[in-house]
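Structural overview
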Amino acid sequence: MADILLTAVVNKSVEIAANLLVQEGTRLHWLREDIDWLQREMRHIRSYVDDAKAKEVGGDSRVKNLLEDIQQLAGDVEDLLDEFLPKIQQSNKFICCLKTVSFADKFAMEIEKIKRRVADIDRVRTTYNITDTSNNNDDCIPMDRRRRFLHANDETEVIGLDHDFNKLQHKLLLQDLPYGVVSIVGMPGLGKTTLAKKLYRHVRHQFECSGLVYVSQQPRAGEILLNIAKQVGLTEEERKENLEHNLRSLLKIKRYVILLDDIWDVEIWDDLKLVLPESDSKIGSRIIITSRNSNVGRYIGGDFSIHELQPLDSENSFELFTKKICNFVDDNWANTSPDLVNIGRCIVERCGGIPLAIVVTAGMLRARGRTEHAWNRVLDSMTHKIQEGCAKVLALSYNDLPIALRPCFLYFGLFPEDHEIRAFDLINMWIAEKLIVVNSGNTREAESKAEDFLNDLVSRNLIQVAKRRYDGRISTCRIHDLLHSLCVELGKESNFFHTEHNAFGDPGNVSRVRRITFYSDINAMNEFLRSNPNPKKLRALFCFIGDSCLFSQLARHDFKLLQVLVVVIAYDYFLSYMGIPNTFGKTSCLRYLQLEGNMRGKLPNSMVKHMQTLNIENSCTELPTVVWESKQLRHVRYRVGFEASNCCFSISRKIYSLPPNNIQTLMCVYDKFVEQILFHRLINLRKLGLWIVSDFTVQILSTLPKELEDLKLIFSCQPSEQMNLSSYPYIVKLHLSGNVHLNSVTFPPNLVKLTLRLIMVEGYVVALLKKLSKLRILKMIWCKHKEEKMDLSGDGDSFLQLEVLYIQEPSGLSEVECTDDVSMPKLKKLLLKEIPNSNLRLSKRLAKLRV
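Residues numbered from 1 in each chain as written. Predicted model: local features only at pLDDT ≥ 70, side-chain atom pairs only at ≥ 80, totals over all residues. Heavy atoms only, no water.

**Brief notes about the environment of S744**
Operational definition: For helices the rule is a DSSP run of H or I covering at least 4 residues; for strands it is a run of E covering at least 2, with both sets numbered from the N terminus onward.
In this fold, S744 is placed in the loop between β21 (733–738) and β22 (745–746). In sequence terms S744 and M723 are 21 residues apart; their C-alpha atoms lie 6.0 Å from each other.

**Observations regarding the nonpolar core**
Note the following rule: The term nonpolar core refers to a set of buried residues drawn from Ala, Val, Leu, Ile, Met, Phe, Trp, Tyr and Cys, joined through side-chain atoms within 4.5 Å. Residue exposure (1.4 Å probe, protein chains only): buried if accessible area is under 20% of the type maximum, exposed if over 50%, otherwise partly exposed.
If you look at the biggest cluster of nonpolar residues, it comprises 101 residues, and the most contacted ones within it are L541, L603, L736, F747 and L754. The element that contributes the greatest number of residues to this core is helix α23 (residues 522–531), accounting for five residues. Core analysis: the second largest hydrophobic core is formed by 97 residues, V158, A196, I325 and L457 among them.

**Notes on the sheet that holds strand β31 (residues 841–842)**
Rule in force here: Following DSSP output, two strands are said to pair if at least two bridges run between them.
Taking strand neighbours across the sheet as the criterion, the three strands line up as β27-β29-β31 in an open arrangement whose pairing is parallel. Across the chains shown, the open sheet's two edge strands, defined by having one partner strand only, are β27 (789–791) and β31. Of the strand pairs in this sheet, β27 and strand β29 (residues 815–817) are connected by three bridges, and their pairing is parallel. Bridge pairing in β29 links D791 to E817.

**Considerations on helix α10 (residues 243–253)**
What counts here: By construction, the arc corresponds to the directions joining the helix axis to the C-beta atoms.
Residues L243, N246, L247, L250 and L251 constitute the buried set of α10. One face of α10 carries all of its buried residues, which in axial projection span an arc of 125°.

**Looking at helix α16 (residues 372–380)**
Buried residues of α16: A374, W375, V378 and L379, and no others. For α16, the buried positions fall inside an angular range of 140° around the axis, keeping them on one side. Seen from the open side of α16, the exposed residues pointing more than 90 degrees away from its buried face are H373, R377 and D380.

**Here we look at the environment of Q808**
As a reminder of what qualifies: Throughout, a contact is declared for two residues whenever any of their heavy atoms are within 4.5 Å.
On the secondary structure map, Q808 appears in strand β28 (residues 804–808). With a relative accessible area of 13%, Q808 lands in the buried category. For Q808 and L831, which are 23 residues apart along the polypeptide, the C-alpha to C-alpha distance reads 8.0 Å. Setting aside residues no more than four positions away along its own chain, Q808 makes contact with M780, I781, W782 and K833.

**Here we look at the pairing of strand β18 (residues 687–691)**
Most of β18 is tucked away, with five of its five residues classed as buried. Burial along β18 is two-sided: the residues K687, G689 and W691 and L688 and L690 are all buried. Note that β18 and strand β19 (residues 710–715) share five bridges and pair parallel. Considered in β19, the bridge of L688 is made with L711.

**Comments concerning the sheet that holds strand β4 (residues 286–291)**
Put simply, the rule is: Lines fitted to C-alpha atoms define the axes here, with helix axes fitted over just the stretch in contact, and angles between the N-to-C directions of these axes take values from 0 to 180 degrees.
Here five strands make up an open sheet; going across it, the order is β2-β3-β4-β1-β5 and the pairing parallel. Every other strand in the sheet has two partners, leaving β2 (209–216) and β5 (306–308) as the edge strands with one partner each. Within the sheet, the average angular offset between the axes of one strand and its neighbour, ignoring direction, is 15°. With five bridges joining them, strand β1 (residues 181–185) and β4 adopt parallel strand pairing. Pairing of I184 across the sheet is with T290, part of β4. On the sheet, helix α12 (residues 294–301) packs against β1, β3 (256–263), β4 and β5 and is oriented at approximately 180° with respect to β1.

**A few points about the pattern of salt bridges**
What counts here: Here, a salt bridge means any side-chain nitrogen of Lys or Arg that lies within 4 Å of a carboxyl oxygen of Asp or Glu.
Evaluation of the coordinates by the stated rule reveals 41 salt bridges. Where E83 meets K560, a salt bridge forms, and the shortest distance between an N and an O atom there is 3.8 Å. Residue E83 is found in helix α3 (residues 61–90), and its partner K560 is found in the loop between α24 (550–554) and β12 (564–568); the two are separated by 477 residues along the sequence. Two residues, E527 and R530, come together in a salt bridge whose shortest N-O distance is 3.1 Å. Taken as a pair, E527 and R530 lie in helix α23 at a separation of three residues, close to a single helical turn.

**Thoughts on the packing of helix α6 (residues 162–172) against helix α7 (residues 192–203)**
The criterion, for reference: Any angle between 65 and 115 degrees counts as roughly perpendicular, while under 35 counts as roughly parallel, over 145 as roughly antiparallel, and the rest as oblique. Crossing chirality is assigned from the near helix's rotation relative to the far helix, an anticlockwise turn below a right angle marking it left-handed and a clockwise turn marking it right-handed.
Relative to each other, α6 and α7 sit at 50°, their axes nearing to 10 Å. Overall, the two elements α6 and α7 adopt an arrangement that is oblique. The element α6 and its partner α7 pack so that their crossing is right-handed. Only L195, K198, L199, H202 and V203 of α7 make contact with α6, whose side of the interface consists of D164, F165, L168, Q169 and L172.

**Here we look at the packing of aromatic side chains**
The cut-off we apply is this: Only Phe, Tyr and Trp rings take part, Trp by its six-membered ring, and two of them pair if their centres are within 6.5 Å. Stacked means planes under 30 degrees apart, edge-to-face means over 60, and tilted covers everything else.
Scanning all chains against the criterion turns up 10 aromatic pairs. Ring centres of Y398 and F409 lie 6.2 Å apart, and the angle between their planes is 40°; on these two criteria the pair is classed as tilted. Of this pair, Y398 sits in helix α17 (residues 382–399) while F409 is found in helix α18 (residues 406–410), placing the two residues 11 residues apart along the sequence. The class of Y398 is buried, set by a relative accessible area of 9%. Of the residues examined, F409 reaches a relative accessible area of 0% and is grouped as buried. Measuring from centroid to centroid gives 6.0 Å for Y411 and F542, while their planes differ by 70°, and the two rings are edge-to-face. Pair noted here: Y411 is in the loop between α18 and β6 (421–422) and F542 is in strand β11 (residues 540–543), with a separation of 131 residues, a long-range link.

Have a look at this one:
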């Protein structure tokens, strides 16, 4: 945790330094020296912490205590910067000089205290001889165990991976395999090494020489090459004289297969490939690699080489469990009570299809009696026990993350298990907490960097993509339960965050909680707030609980450093709406707010003054007009209701005072408050939604920002004006809803995704849609069809790029057909949700694509 906090301190000190640059001539300008010292010192301490962690793992309690002192120091420094930054952003040389001097002097005094604490930590380090922080043996145990497994002569047992094995074998033996490489990738514990080992042993007799080596996180190219040389037949003399030259010469003339197990980065491959000949030569040599990082496999063997291993399904999971628990006894479950079998299935389900977790759990059960009581005890403590058994394997992936990426990974633990997380939400939470910082201060650059971080976590197979957007970017994601447990464990251990189950105990710890999440229990939240009535260190609060008293409880407390507030409640028809109080405690640092569920009311002014992202579209919450005073506001997702005459846009003049380059998302604006100057003002607008679109708005659509990418228009009556969007090449996503005739619409030229909702669909409409040459996703929701049959066929130019067709509860439609094989050449799937008892008919080709 110290390394994460220190990184946060460095990032925030950079931001403060940038603000101080504009304070030339004020007392604040002279604080620049203190900030520069702080930044330098924290960088040095962070380097020391990185090195010291190795010794802490080795069990040196002195180092552990020292790291705890550094962690507390880093936390206090972050608190100071978080308190100071808003004040410096608000101050300038025209405000009251006395007020500026007051908080500047206070800050300078706090810096002096930090300097004394840094000096004391250094005194402790030298006094108690905590100087040797190097430890070159921290990976020896797991490396040796892995190497022994790799070279063990036992028959490699693979359960549930027959399809993967057959596919890999076919790919490996293809004559024209690009780069001659197959890359087996996936999250830790899936059995990559087991599968690769079986594949290697199965095919090696078809090659003239072979070798398998364990690469590890800390590889040494010389040792790896020597290991390969011994296995492929290089003599001892040839190995001693000129290893690299002799090995390359041998492999140039022999057809070889080599398994490189557990490659973590591309640098080691850059060294090895200088010696290993091109494996896709005419000789037909092959390389098999395993890696937790898909990008490593892609770098070595290209996209075609990638084979991503997935968790086992329930039946194969239970088969593996049976094999391990019954110890190959023939009767398996024959003499076992059905109740015990059911408990066994529950245990296997909790393992989430991860072979490592199943094997670890089976090992625990074998050490106990085969009784319902014993197995139920294991089931009750599953999360902790499995985490304990898999900890070393999982921790390797976490420790391999760059420091800047670690808090982003831990953030997933704040969400409930199996929760589908929107990438938009996650990225803006990271930015709100300044886990993502760019020197330019450009918000779009920060979002791009955050998206890169998310893609990196996916490539490392720590995060799973649930859905992708129309452009291939991540829409939603989730984390496997096993890795979620790792996040919770590491979050608590490092004080990065706590859950409702582990925040209590030591009162001192409760007061130091920086982030907390409540999954289900309002009583736990009440207890936390009673124990910590002034949560002055809290940065993020997540509530996934439905209780009518939730907001009234929160409103009684000050959250002066709170930056992220998330309240998500599952919709319940019988649950009464939760009211939002008119007043709230201090939330002056709140930058991200997400509300979902049965809640109603107007947000207090104090909550939105410094907002960056407001996501309240899935609630009945109203915005105060003061929201437009936030100079940092970038994203507003808001559901306009029929009380729109009283909504925040009714005093829209304040929108025009916003910096023109800030707002990127505005969903949705009530049409009656739209003026032409609004579009001229918001020059960086990327997503726009307009509700009850009028003729006037249709007329001024030509003044939309030219780089608009996503447009949503909701009509209540047919516009009399022609709607021409042909001059907007950047609009790739368009949503049209309500009473609008599409013959009056000229579509954007590069449209990729089109959603039609409650639209009248006639023959000319379908003909028009067929000609959209770049359309890849077409959704038709609750549309009314004049003709009973919708023919999607064409003359070779019908839906040339369409990949997904989604039709939901069409009215008046009885048949959808495509009578030729050239129309919709790229269609991958048809999703159809019918009106009950409609019996919609599909042509043969479309029926095959229905999912």
